[in-house]
Amino acid sequence: MENTTILLFGLIVSLIAMMLSRVRAEYAGLCVLCGAVIILIAALQKTDGILDFLTNLQQKTSFPSEYYAIILKCMGICILSELATAVANDHHHSSLAQSMWYFTRVLLLGLALPVLQDVIAAMEELLK
Amino acid sequence: MKRRIGIFVLLLFCVLSVSANATQITEIIPPEIAQQFSLDTDKVDDPASVLSSFSFSTFLSMLERGLKSVVPQLGEMLFEILSILIILVLVDRLFTSQNHRFAASCVGNAVLVLFLLRRFTSSIILAEENLETIRVFCQASIPIITAILIAGGKSFASTLFSYGISLSSTLISTLSHSICLPMIRIYLAFGCCSTVWNDINFGAICVLIKRIIKWLIGIVFSVFSLTFSMQTILSRSADGIAFKTLKAAAGGIPFLGNVFSGGLDGAFTLLSGAKTSASIIGIGVIIAVFIGPALTLVCQYFAISLSETIAVFLDAKECTLLLKATRGAYELILGLFLVCVMMSIICYLMICVGVG
């Protein structure tokens, strides 16, 4: 029921935005953005089960949990970035979308830097 | 004539005293292996007693202990790979944008590379250490077994054993330290690169390296088997002639000839038992050293093969490539380990059954 409501909500937001674009075009974009954020929050709330499953799986291993945290953070950043760039592209702000994508890449590189350093160290150890 | 008898008896005592002065083979067994066998040091020369210590059930119980310690590791490794694999598949399915999918999966792949590299490095060190243990044991056993063989009238066989062990030690050392293991490391490094750089076909280099290593191992083992077989045939006939000559010479001694000839037979039979015991201990120790790391390597190989199958099933292309490269590296290291162990075992086996 809840899932159907969210999907219906998306449809209604889309219809409202369509109607608004004829009357007040500046509000249409805002409406879409609000709707997308609400749907994203609802979707993220649904990921609890997946996160619990991954945490349980990770607890059964001796592999450092920091790495899992880094991957999940990267996923989160990518989800937000995808939404932001999609909204910017919807409004034909491709340069904004491009810079947001660039910022995301820099952010991901900074976040994954410890992993890359460890990979290089492991590679050095392997080829020693 | 008395002078000749005196010289002969003196020579016989000199030959027999070699084994008396030599260190026992039990003294060179690595302590961690020695404690696994209840070997009676007073009955080292008795093959039946040695066989009861190195019985099949002893090895089975060792295998069981090894499996009990290795199976949890297999589960842990499988969980580790699967957890990263599931995240990567989620990433692949979650994002609609190609750029975002690639960026997120790069981080996931880097974590998987890191995990596999760490596991493989520890495995390669394990294999290296155990090959070194086998090599040191084989080298240390040369004077002991050579002394027993010379005392048993098998001077050519002793030369053959020294030659075989020296050759296998050199080959193990060269193969493991200088050629194959470094090449396997490079193979895996290229395999890791192939998952990140799709533009350059690193897979082709991997295939070439794998082929070279397989050929090298095959050639080395063939050369070893060929040389050793030829030497075995030659030494068997030479020792037979030497024994017959010695027996004829002893039989030619007036009055005491038959006694000396019979004594020679008895002494050589006793020393043949000592030689068989030493070979059994040698083979047993090598197998005991081999079982632990071989189980670990096989277990990790299975974990990676299973993960690769799951990755293929889930259509995770980069992961499949990486796991395939790692599986190839494990195959090579297992092959190398097996060949090195086989070479050492063949040397002892030839002494036990082939030459004696």
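Residues numbered from 1 in each chain as written. Chains lettered and ligands numbered in written order. Predicted model: local features only at pLDDT ≥ 70, side-chain atom pairs only at ≥ 80, totals over all residues. Heavy atoms only, no water.

Colleague: Summarise the packing of helix H5 (residues 94-127) of chain A against helix H5 (residues 98-151) of chain B; cite the residues concerned and give the values.
Modeller: Between two packed helices, the angle of one axis relative to the other and the distance separating the axes together describe the packing. At a closest axis distance of 9 Å, the pairing of H5 of chain A and H5 of chain B adopts a crossing angle of 15°. Taken together, the axes of H5 of chain A and H5 of chain B are roughly parallel relative to one another. Crossing of H5 of chain A against H5 of chain B: the hand is left-handed. Across the interface between the two elements, Trp101, Leu108, Ala112, Val115, Leu116, Asp118, Val119, Ala122, Met123, Glu125 and Leu126 of chain A of H5 of chain A pack against Asn99, His100, Ala103, Val107, Ala110, Val111, Val113, Leu114, Leu117, Arg118, Phe120 and Thr121 of chain B of H5 of chain B. Here the contact of H5 of chain A with H5 of chain B is composed, by residue class, of 17 nonpolar, three polar and three charged. (Axes fitted to C-alpha atoms, helices over the stretch in contact; angles between N-to-C directions. Helix = DSSP H or I, 4+ residues; strand = E, 2+ residues; numbered from the N terminus. Parallel < 35°, antiparallel > 145°, perpendicular 65-115°, else oblique. Left-handed = near helix turned anticlockwise from the far one by under 90°. Contact = heavy atoms within 4.5 Å. Nonpolar A, V, L, I, M, F, W, Y, C, P; charged D, E, K, R; others polar.)

Colleague: How would you summarise H5 of chain A if you had to cite specific residues and measurements?
Modeller: The largest bend in H5 of chain A comes to about 50°, at Ala112 of chain A, with the proline Pro114 of chain A one to four residues further on. Along H5 of chain A, the residues classified as buried are Ala97, Trp101, Thr104, Leu108, Ala112, Val115, Val119, Ala122, Met123 and Leu126 of chain A. Buried residues in H5 of chain A make contact with helix H4 (65-90) of chain A together with H5 and helix H6 (155-196) of chain B. (Bend = angle between axes of the 7 residues up to and from the residue. Buried < 20%, exposed > 50% of the residue type's maximum accessible area, 1.4 Å probe, protein only.)

Colleague: Pulling in residues and values, what's your account of H6 of chain B?
Modeller: The end-to-end C-alpha distance of H6 of chain B is 59 Å, a good match for the 62 Å that 42 residues give at a rise of 1.5 Å each. Along H6 of chain B, the sharpest kink reaches roughly 50°, centred on Leu175 of chain B. (Expected span 1.5 Å × (residues − 1).)

Colleague: Tell me about the pattern of salt bridges, and name the residues and values.
Modeller: Residues and elements named next belong to chain B. Here the structure, examined in full by the defined rule, presents eleven salt bridges over all chains. In this structure, Glu64 engages Lys68 in a salt bridge whose closest nitrogen and oxygen atoms are separated by 3.4 Å. Residue Glu64 and its partner Lys68 are both found in helix H4 (residues 56-94); the two are separated by four residues, about one turn of the helix. Since its relative accessible area comes to 59%, Lys68 is described here as exposed. Close ionic contact of Asp315 with Lys317 constitutes a salt bridge, the shortest N to O distance being 3.6 Å. In this structure Asp315 comes out as partly exposed when scored by relative accessible area, which is 42%. Residue classification places Lys317 among the exposed residues on the basis of a relative accessible area of 56%. Salt bridges here are not isolated pairs; linked through shared partners, they connect Lys210, Glu308, Arg327 and Glu331. (Salt bridge = Lys/Arg side-chain N within 4 Å of Asp/Glu carboxyl O.)

Colleague: Pulling in residues and values, what's your account of the interface of chain B and chain A?
Modeller: Across the boundary between the two partners, chain B contributes 34 residues, which contact 33 residues of chain A. The tally of links between chain B and chain A comes to zero salt bridges. Put simply, chain B and chain A have seven residue pairs in polar contact (both at pLDDT 80 or more) between them. Of all the secondary-structure elements, those providing two or more residues to the side of chain B that touches chain A are H4, H5 and H6 of chain B. (Polar contact = N/O pair within 3.5 Å; in protein donor to acceptor, adjacent residues only side chain to side chain.)

Colleague: So what's going on with the environment of Gln139 of chain B? Which residues, and what values?
Modeller: Structurally, Gln139 of chain B is set in helix H5. Sequence spacing of Gln139 of chain B and Ser169 of chain B is 30 residues, and the spatial spacing of their C-alpha atoms is 7.3 Å.

Colleague: How would you sum up the confidence of the model for chain A? Please name residues and give values.
Modeller: Low pLDDT marks regions whose predicted coordinates should not be analysed in detail. Model confidence for chain A is summarised by a mean pLDDT of 85, while 99% of its residues fall at 70 or above. Per-element mean pLDDT across chain A ranges from 80 in helix H3 (residues 48-59) of chain A up to 89 in H5 of chain A. (pLDDT = per-residue confidence, 0-100.)

Colleague: Before we move on, can you summarise a nonpolar patch on the surface with the specific residues and values?
Modeller: Taken together, the side chains of Leu8, Leu11, Ile12, Leu15, Ile16, Met18 and Met19 of chain A make up a nonpolar region of the molecular surface, amounting to roughly 670 Å² of accessible area. Within the secondary structure, Ile12 of chain A is located in helix H1 (residues 2-23). (Patch = residues over 30% accessible without salt bridge, like charges linked within 9 Å, V, L, I, M, F, W, Y side chains within 5 Å. Areas by Shrake-Rupley, 256 points an atom, 1.4 Å probe, with all protein chains shown as cover.)

Colleague: How would you explain the confidence of the model for chain B if you had to name every residue and give the values?
Modeller: A residue-level look at chain B finds 78% of positions with pLDDT of 70 or above and a mean pLDDT of 78. Contacts from residues 13-22 of chain B, a stretch scored under 50 in pLDDT, to residues over four places away or in other chains number ten contacts.

Colleague: Can you lay out empty space enclosed by the protein for me, pointing to particular residues and giving the numbers?
Modeller: Residue and element names in this part refer to chain B. A complete count under the given rule lists one cavity of 30 Å³ or more for this structure. Along the walls of the largest cavity sit Val70, Gln73, Leu74, Met77, Arg119, Thr296, Cys299 and Gln300, which together make up its complete lining. If you list the elements that add at least two residues to the lining of the largest cavity, you get H4 and helix H8 (257-313). With four residues, the single largest contributor to the lining of the largest cavity is H4. When its residues are assigned to classes, the lining of the largest cavity shows four nonpolar, three polar and one charged. (1 Å grid on protein atoms, 1.4 Å probe; cavity = no way out; pocket = protein on both sides within 12 Å on 5 of 7 lines; lining within 4 Å. Points joined across faces, edges and corners; volume = space filled by probe spheres on them.)

Colleague: Go over the environment of Ser21 of chain A with me, naming the residues and quoting the values.
Modeller: Residues and elements named next belong to chain A. Positionally, Ser21 belongs in helix H1. Taking the C-alpha atoms as reference, Ser21 lies 20 Å from Leu8; in sequence the two are 13 residues apart. Engagement of the side chain of Ser21 in a polar contact is seen with the backbone oxygen of Met18, the distance being 2.5 Å.

Colleague: Describe the nonpolar core, and please don't skip the residues or the numbers.
Modeller: In this structure, Phe120, Phe161, Ile184, Ile333 and Tyr348 of chain B are the most contacted members of the largest nonpolar core, which totals 121 residues. Those elements that place two or more of their residues in this core are H4 and H5 of chain A together with H4, H5, H6, helix H7 (202-251), H8 and helix H9 (317-355) of chain B. In terms of residues, this core owes the most to one element, H5 of chain B, which gives 23 residues. Apart from residues no more than four positions distant in its own chain, Ile333 of chain B is found in contact with Phe120, Ser123, Ile124, Ala127, Leu181, Ile184 and Leu297 of chain B. (Core = buried A, V, L, I, M, F, W, Y, C linked by side-chain atoms within 4.5 Å.)

Colleague: Can you lay out the layout of surface pockets for me, pointing to particular residues and giving the numbers?
Modeller: Reported here for the largest pocket is a volume of approximately 720 Å³. In terms of lining residues, the largest pocket is bounded by 25 residues, among which Leu116 of chain A together with Cys106, Val107, Ala110 and Val196 of chain B are the most central. What the second largest pocket holds in volume is close to 520 Å³. Contributing to the lining of the second largest pocket are 17 residues, with Leu44, Thr47, Met75 and Ile79 of chain A together with Leu94 of chain B lying nearest its centre. The leading source of residues in the lining of the second largest pocket is H4 of chain A, at eight residues. Taken together, the residues of the lining of the second largest pocket break down into 14 nonpolar, two polar and one charged.

Colleague: Now, about unusual backbone geometry: what can you tell me, with residues and values included?
Modeller: Of note, the phi angle at His92 of chain A is positive, near 60°, even though the residue is not glycine. Among the secondary structure elements, His92 of chain A is positioned in the loop between H4 and H5. The phi dihedral of Asp315 of chain B falls on the positive side, at around 60°, and the residue is not glycine. For Asp315 of chain B, the location among the structural elements is in the loop between H8 and H9.

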